[in-house]
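Chain residues, written in single-letter form:
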Amino acid sequence: MVGACDRKHGISISSAAQFHCFHFLVMSCRERSRQAKSPDSAQCSDSRKERRETSRRKKKEDPLKPNHAEEKPSVKETTKEKGKHLTREHSREQQMPPEKTKTKTYSSRSKSVKTPPLHRDLGSQATTMRSETAKASLKATKSKAGGKAETLTHCIKAAGKMEGAQPEEKKIERPSGRKKETAAEKSYDTVDADKIKPRMLKTRSVSVDSVLQSTLRKLKIRVKDKSDTSKVVNDFIENLITYLKKETVYFQEVDEPLRTGSYYENLKISDPDEFDVMLPMPVERVQIEPFGENGAFYSVALKRGNSPLMKFQPNDILSASEMLQEFRKEVKKFAKGFPAWTIEKKKGGCPAVTLTHKVGSVIISLDVVLCLKVKLSWPPFTSNGLKIDQWLGTKVKQEYKRKPYYLVPKYEGRGNVKNDGVLNKDVWRVSFSHIEKDIIKKHGSEKTCCEREGASCCRKDCLKLLKHLLHLLKESNSSFAKFCSYHAKTTLLHACCSRTRDSDWAASDLNRCFGLLLQDFESHLRRGELNNFFIPSQNLLSGPGKSLCKHLADCVKEQRENGFPIFERDL
């Protein structure tokens, strides 16, 4: 072993010899790394290196210590064997007796020899050069494989033992290239996953945006179709009002038509095939009493007067069913002069007289609804409704409250069932469709919303998409027939009151806004509760039932989480 003492003579190695021995070990490590890289030149370089090192060692051998013999290891000795020699040497030093015994230790014998001044100078130079060589070697081997770093560690330990230093208590961690690589791979995978996830979400968002925009383009009504159908409908309604005023006895006081519904709210989708027109009959002196507990239905009693409608009040209650029956007869008479129009069969509980007409390739449907126009304060059940103060403002709310409301001949349940002496078929349902139409028109918290001077929002687009989604789900599952577009509109009105700012409905953020609206709709369905926007005591989801509502909520959620495949199939 390099640096080991001669057991026979017991004379320690000089400082200069120690330095050259350490230098030899470092050079040997470097030589072995070169051999690993170029095995073809390894044998030639070994012999030349050995002769060069032997010649240097003989020239610089200490002349004052002739009995000291060095044990020179073979250049081809492996790193593992050198480590074994160092371990045996360290164990031998620990087993040596103290200085008081006859056998002196290696370090005590080294101290007992007087070193000449020349040797002291050489020793100090050797110590300095060893530290510099060790630092340089450590830097050179940082980037090499684990086996090379391990060899350098053995060399440093051997140098410490040659100087009589105690071995370090703290173990030097052996760098493992494989472990570091594994850790780096894990770190890269984690970072890469963190980058990929938002990228995937962004890609998916772009894809959903594309589907929604494509769906809206498909739902857009062509201007020509809209013009053609509206002309036909308007012509029929104008002639009908003229007929009612001139040719009938009971409906001469009919007021100007009230055009409501999705077509006139610019919310119609796909085709301009559905129109809703209300024909109001003004009533000045009337007594309104709630019918039932939800505040949506009322019994009406005309006070004494000369109104022609008194014919339909035989028992102090204005009969909605008799009045609707008479109105239907008059419309039938009028429609005979318009053979292109066909009257549909009456549906139970429906307040409208439905007529159809084919315009081009589109069959349009017209619902003509007779109603009462009441110029009184709104019913008490509406006091907690219409919560638009933070959205459209208190002033707008007060203006709405001063407007009249309407009663349409509609009931729930079986028509011949009595409640407090009044038949179901003779009651009236309150309607605020004219207010709904105006709210949709003035939907922005800012007056310039969706105008040329202002920013655009996506409130109407979100409602169109929700109506279309509900329509497609109803087509795929007939059990959803009890759900209607009015559920979608009411959901939007509630959502606008909770997210009041126009920036909450930015047109560029359609995907997020529509997603939030669907979550609102799902929430209402899962609770089985969707309050009337004007009459909070009326639950619009009481009819379908909770189990069916939950089933629809699951279908809506599935579409929302999977990017609306039902829209893609329909494109």
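Residues numbered from 1 in each chain as written. Predicted model: local features only at pLDDT ≥ 70, side-chain atom pairs only at ≥ 80, totals over all residues. Heavy atoms only, no water.

Student: How should I be thinking about the side chain of Lys489 in this particular structure?
Tutor: Its place among the elements puts Lys489 in helix α13 (residues 485–498). For Lys489, a relative accessible area of 12% gives the class buried. (Helix = DSSP H or I, 4+ residues; strand = E, 2+ residues; numbered from the N terminus. Buried < 20%, exposed > 50% of the residue type's maximum accessible area, 1.4 Å probe, protein only.)

Student: Could you clarify how one ought to interpret the environment of Val249 in this entry?
Tutor: Tracing the chain through its elements places Val249 in the loop between α8 (223–247) and β1 (258–260). Look at Val249 and you get exposed, because its relative accessible area is 56%.

Student: I'm lost on the packing of α8 against helix α9 (residues 320–335) in this one. Help?
Tutor: When two helices pack together, their arrangement is captured by the angle between the axes and the distance separating the axes. Packing of α8 against α9 brings their axes to within 11 Å, and their N-to-C directions diverge by 115°. Read as a crossing pair, α8 and α9 show a hand that is right-handed. Residues Phe236, Asn239, Leu240, Tyr243 and Leu244 of α8 form the contact with α9, whose own contacting residues are Phe327, Glu330, Val331, Lys333 and Phe334. Residues of the contact of α8 with α9, tallied by class, amount to seven nonpolar, one polar and two charged. (Axes fitted to C-alpha atoms, helices over the stretch in contact; angles between N-to-C directions. Left-handed = near helix turned anticlockwise from the far one by under 90°. Contact = heavy atoms within 4.5 Å. Nonpolar A, V, L, I, M, F, W, Y, C, P; charged D, E, K, R; others polar.)

Student: Any chance you could explain the confidence of the model for the protein chain here in plain terms?
Tutor: Detail in the predicted coordinates should be disregarded across regions flagged by low pLDDT. When pLDDT is averaged along the protein chain, the result is 76; 64% of the residues meet or exceed 70. No element of the protein chain has a lower mean pLDDT than helix α4 (residues 106–112), which averages 40, and none a higher one than helix α14 (residues 510–527), which averages 97. For the stretch residues 1–13, pLDDT sits under 50, and the model shows 36 contacts to residues farther than four places along the chain or on other chains. The low-confidence segment residues 62–191, where pLDDT is below 50, has 115 contacts with residues more than four positions distant or belonging to other chains. (pLDDT = per-residue confidence, 0-100.)

Student: Looking at this structure, I do not really get the pattern of salt bridges. What am I missing?
Tutor: Opposite charge on two side chains makes pairing possible when the charged atoms of those side chains draw close. A complete count under the given rule lists 16 salt bridges for this structure. Among the salt bridges present, the one from Lys489 reaches Glu436, with a minimum N-O distance of 3.3 Å. Residue Lys489 is located in helix α13, and its partner Glu436 is located in helix α11 (residues 433–441); the two are separated by 53 residues in the primary sequence. Taken as a pair, Lys489 and Glu436 share a single burial class, namely buried. The residue Asp554 makes a salt bridge to Arg526 at a minimum N-O spacing of 2.9 Å. Separated by 28 residues along the polypeptide, Asp554 in helix α15 (residues 546–561) and Arg526 in helix α14 bring together distant segments of the chain. By relative accessible area, which is 32% here, Asp554 ends up partly exposed. (Salt bridge = Lys/Arg side-chain N within 4 Å of Asp/Glu carboxyl O.)

Student: I'm lost on the pairing of strand β11 (residues 428–431) in this one. Help?
Tutor: Where a strand is regular, its side chains alternate between the two sheet faces. Pairing of strand β4 (residues 297–302) with β11 involves two bridges; the strand directions are antiparallel. Looking at the pairing, Phe297 lines up with Arg429 of β11. (Pairing = 2+ DSSP bridges.)

Student: What should I look at first to understand the packing of α13 against α14 in this one?
Tutor: Close contact between α13 and α14 brings their axes to 10 Å; oriented N to C, the two are set at 110°. Comparing the axis directions of α13 and α14 gives the class roughly perpendicular. As α13 packs across α14, the resulting crossing turns out to be right-handed. Contacts between α13 and α14 involve His487, Thr491, Leu492 and Ala495 on the former and, on the latter, Leu517, Asp520, Phe521 and His524. Classifying every residue of the contact of α13 with α14 gives four nonpolar, three polar and one charged. (Parallel < 35°, antiparallel > 145°, perpendicular 65-115°, else oblique.)

Student: Looking at this structure, I do not really get the pairing of strand β6 (residues 352–359). What am I missing?
Tutor: Within β6, seven of the eight residues are buried, which leaves it mostly tucked inside the rest of the structure. Relative to β6, strand β5 (residues 342–343) runs antiparallel, the two being bridged by two bridges. The partner of Ile343 across the bridge, within β6, is Leu355. If you look at the hairpin formed by β6 and strand β7 (residues 362–374), you'll find two residues sitting between the two strands, and Gly360 has a positive phi there, around 65°.

Student: For this particular structure, what's the right way to read a positive patch on the surface?
Tutor: On the surface, Lys311, Lys329, Lys333 and Lys336 cluster together into a patch of positive charge. Its place among the elements puts Lys333 in helix α9. The exposed category is assigned to Lys333, whose relative accessible area is 52%. (Patch = residues over 30% accessible without salt bridge, like charges linked within 9 Å, V, L, I, M, F, W, Y side chains within 5 Å. Areas by Shrake-Rupley, 256 points an atom, 1.4 Å probe, with all protein chains shown as cover. Lys, Arg positive; Asp, Glu negative; His and termini not counted. Charge placed at Lys NZ, Arg CZ, Asp CG, Glu CD.)

Student: How do you make sense of the packing of aromatic side chains when you look at a structure like this?
Tutor: For any pair of aromatic rings, the description consists of the separation of the ring centres together with the inter-plane angle of the planes. Counting across every chain of the model gives 19 aromatic pairs. The interplanar angle of 65° and the centroid separation of 5.3 Å between the aromatic rings of Tyr250 and Phe312 together place this pair among those described as edge-to-face. Separated by 62 residues along the polypeptide, Tyr250 in the loop between α8 and β1 and Phe312 in the loop between β4 and α9 bring together distant segments of the chain. An angle of 80° between the planes, with centres 5.6 Å apart, marks the rings of Phe251 and Phe327 as edge-to-face. Residue Phe251 is found in the loop between α8 and β1, and its partner Phe327 is found in helix α9; the two are separated by 76 residues along the sequence. Residue class for Phe251 comes out buried when judged on its relative accessible area of 1%. (Phe/Tyr/Trp six-rings, centres within 6.5 Å; stacked < 30°, edge-to-face > 60°.)

Student: Teacher, can you tell me more about α14 here?
Tutor: Between its first and last C-alpha, α14 extends 26 Å over 18 residues, near the 26 Å set by a 1.5 Å rise per residue. Listed as buried for α14 are Leu510, Asn511, Cys513, Phe514, Gly515, Leu517, Leu518, Phe521, Glu522, His524 and Leu525. The positive-phi residue at the C-terminal boundary of α14 is Gly528, with phi of around 65°. (Expected span 1.5 Å × (residues − 1).)

Student: Any chance you could explain the nonpolar core here in plain terms?
Tutor: The tendency in soluble globular proteins is for nonpolar side chains to be buried as a group. Core analysis: the largest hydrophobic core is formed by 106 residues, its most contacted members being Met323, Leu372 and Phe567. With eight residues, helix α12 (residues 459–476) is the single largest residue contributor to this core. Setting aside anything within four residues of it in sequence, one finds Leu372 in contact with Met281, Val283, Val300, Leu309, Leu318, Met323, Tyr405, Tyr406, Leu407 and Trp428. If you look at the next biggest cluster of nonpolar residues, it comprises seven residues, including Met278, Val369, Tyr406 and Val408. (Core = buried A, V, L, I, M, F, W, Y, C linked by side-chain atoms within 4.5 Å.)

Student: How do you make sense of unusual backbone geometry when you look at a structure like this?
Tutor: For residues that are not glycine, phi is negative in most cases, and the peptide bond is trans in most cases. At Asp316, a residue that is not glycine, the phi angle is positive and equals roughly 60°. Among the secondary structure elements, Asp316 is positioned in the loop between β4 and α9. A residue is classified by how much of its surface remains accessible, and Asp316, at 54% relative accessible area, is exposed. The backbone of Phe564 shows a phi angle near 60°, a positive value even though the residue is not glycine. Relative to the helices and strands, Phe564 is located in the loop between α15 and α16 (565–570).

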